[in-house]
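The chain contents come next:
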Amino acid sequence: MDVKIEQSWKEALAPEFEKPYFASLVSFLHQEKAAGMRIFPPGGQIFRAFELTPVDQVKVVILGQDPYHGYGQAMGLSFSVPDGVPAPPSLKNIFAEIESDLGVKMSGRPNLESWARQGVLLLNAILTVRAGTPASHSRIGWEEFTDAVIQYISDHLEGVVFLLWGNFARGKKALIDTSRHYVLEAAHPSPLARGAFFGCRHFSQANQYLIAQGKEPIDWKL
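Criteria and cut-off values
- Counting of residues starts from 1 at the beginning of each chain's written sequence and follows it residue by residue.
- This being a predicted model, a pLDDT of at least 70 is required before a residue's local features are given, and a value of 80 or more before pairs of side-chain atoms are given or counted; all residues contribute to the totals for chains, interfaces and linings.
- Just so you know, side-chain values use all the structure's heavy atoms and leave hydrogens and water out.
- Axes here refer to lines fitted to C-alpha atoms; in helices the fit is confined to the stretch in contact. Angles between the N-to-C directions go from 0 to 180 degrees.
- A run of DSSP states H or I qualifies as a helix once it reaches four residues; a run of E qualifies as a strand once it reaches two. Both are numbered from the N-terminal end.
- Oblique is the label for any angle not under 35 degrees, not over 145, and not in the 65 to 115 range, which are roughly parallel, roughly antiparallel and roughly perpendicular in turn.
- Each crossing gets its hand from how the near helix is turned against the far one by less than a right angle, where anticlockwise is left-handed and clockwise is right-handed.
- Contacts are assigned to residue pairs that have any heavy atoms within 4.5 Å of one another.
- Amino acids outside the nonpolar list (Ala, Val, Leu, Ile, Met, Phe, Trp, Tyr, Cys, Pro) and the charged list (Asp, Glu, Lys, Arg) are all regarded as polar, and Gly is one of them.
- For a helix, the expected span equals 1.5 Å multiplied by the number of residues minus one.
- A 1.4 Å probe rolled over the protein chains alone gives each residue an accessible area, and that area as a share of the maximum for its type sets the label: buried under 20%, exposed over 50%, partly exposed in between.
- Think of the arc as the fan of directions from the helix axis to the C-beta atoms.
- Each aromatic pair joins two rings of Phe, Tyr and Trp (for Trp, the six-membered one) with centres within 6.5 Å, and gets the label stacked for planes under 30 degrees apart, edge-to-face for over 60, and tilted for any other angle.
- Following DSSP output, two strands are said to pair if at least two bridges run between them.
- Polar contacts, as counted here, are pairs of nitrogen or oxygen atoms within 3.5 Å of one another; within protein the pair requires one atom able to donate a hydrogen and one able to accept it, and residues that are adjacent in sequence qualify only if both atoms are side-chain atoms.
- Whenever Lys or Arg places a side-chain nitrogen within 4 Å of a carboxyl oxygen from Asp or Glu, that contact is recorded as a salt bridge.

Section: the packing of helix α3 (residues 20–34) against helix α7 (residues 142–156)
Where α3 meets α7, the axes come as close as 9 Å, and the angle between the chain directions of the two elements is 130 degrees. Classified by the angle between their axes, α3 and α7 sit oblique to one another. Here α3 runs over α7; the crossing is left-handed. Seen from α3, the contacting residues are Y21, F22, L25 and L29; seen from α7, they are W142, E144 and F145. Each residue belonging to the contact of α3 with α7 can be placed in one class, and the counts come to six nonpolar, no polar and one charged.

Section: α3
Here α3 is 15 residues long and its end C-alpha atoms lie 21 Å apart, about the 21 Å a rise of 1.5 Å per residue gives. All buried positions along α3 are accounted for by Y21, F22, L25, L29 and E32. Buried positions in α3, seen along its axis, are confined to an arc of 100 degrees and lie on one side of it. Seen from the open side of α3, the exposed residues pointing more than 90 degrees away from its buried face are P20, H30 and A34.

Side note on the packing of aromatic side chains
Here a ring pair, both rings aromatic, is described through the centre-centre distance and the interplanar angle of the planes. Taken as a whole, this structure holds 19 aromatic pairs when the rule is applied. One aromatic cluster is present, built from ring pairs that chain together W9, F17, Y21, F22, F47, F50, W142 and F145.

Examining the sheet that holds strand β5 (residues 161–165)
Taken together, four strands build an open sheet; the order of strands is β3-β2-β5-β6 and the sheet is parallel. The open sheet has two edge strands, β3 (120–124) and β6 (182–186), and neither has a second partner. Ignoring which end each strand starts from, the neighbouring axes of this sheet average 20 degrees apart. For strand β2 (residues 60–64) and β3, the ladder comprises five bridges, and the chain directions are parallel. Within the sheet, the bridge partner assigned to G64 lies in β3 and is N124. Where α7 meets the sheet, it contacts β2, β3 and β5, and its direction lies at approximately 150 degrees from that of β3. The strands touched by helix α9 (residues 202–212) within the sheet are β2, β5 and β6, with β6 carrying the most contacts at an inclination of about 175 degrees.

Here's the deal with the environment of D66
Residue position: D66 is located in the loop between β2 and α5 (89–102). Sequence spacing of D66 and S78 is 12 residues, and the spatial spacing of their C-alpha atoms is 7.7 Å. A distance of 2.7 Å separates a polar atom in the side chain of D66 from the backbone nitrogen of A135.

Quick word on the pattern of salt bridges
The full count for this structure, using the stated rule, is 12 salt bridges. Residue R48 is joined to E51 by a salt bridge in which the shortest nitrogen-to-oxygen separation is 2.8 Å. Taken together, the positions of R48 and E51, both in helix α4 (residues 48–52) and three residues apart, correspond to about one turn of that helix. The salt bridge partner of R117 is E113, with a shortest N-O separation of 3.7 Å. Separated by four residues within a single helix, R117 and E113 lie in helix α6 (residues 113–117), roughly one turn from each other. Within this structure, R48, E51, E113 and R117 form a network of salt bridges that share partners.

Printed below as a string of structure tokens:
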């Protein structure tokens with residue numbers, strides 16, 4: 001099956017594209033479109049996270065659950081929305097924590113592509129969603145695919161920082177070799193967590209670890 005994804009990831013994940021679940025996933029998406037369903041993000045952006053952060057550039061993984069389901073929000077990067085779109089509440093809380101943790105002033109710009117280009121894989125566990133219906137594409141195969149992504153990073157890379165926010169993301173810790181990588185866990189940045197995310201200091205901790213590994217830290221300021 002020919003999947004349009006960045007070449008290093010296409011090679012790394014080649015076995016997944018040949019498995020029955022992936023063929024079923026593709027078939028499901030075609031059926032949704034044939035039925036007139038609007039799917040987010042647009043087709044060309046489904047694998048955007050991989051395009052901006054090739055395998056050998058991954059330094060940090062920020063795991064989300066599924067794409068934003070509002071019109072014009074999803075862009076293939078977890079937590080990110082395009083320029084000109086208001087920052088969702090979770091992203092605002094992420095920015096507030098960065099300001100507190102690093103003592104910087106964020107611009108409020110909601111597009112996180114600059115993080116992705118520095119080696120932050122902004123990965124949703126589910127890569128598509130039906131418009132207006134959160135979690136509508138859960139259990140169609142995406143979780144199996146993105147679990148394989150996490151497993152590949154764990155097995156083939158060294159010294160990656162995994163930021164796991166909320167119970168869903170924290171449930172992926174079992175896929176990660178914590179003797180080779182640095183896992184930071186916190187509450188979800190959603191307002192529903194009632195501020196439990198604040199004070200986690202994940203952004204400074206991630207950079208301290210990267211520097212100790214001889215890697216360039218992430219410039220989190222936008």
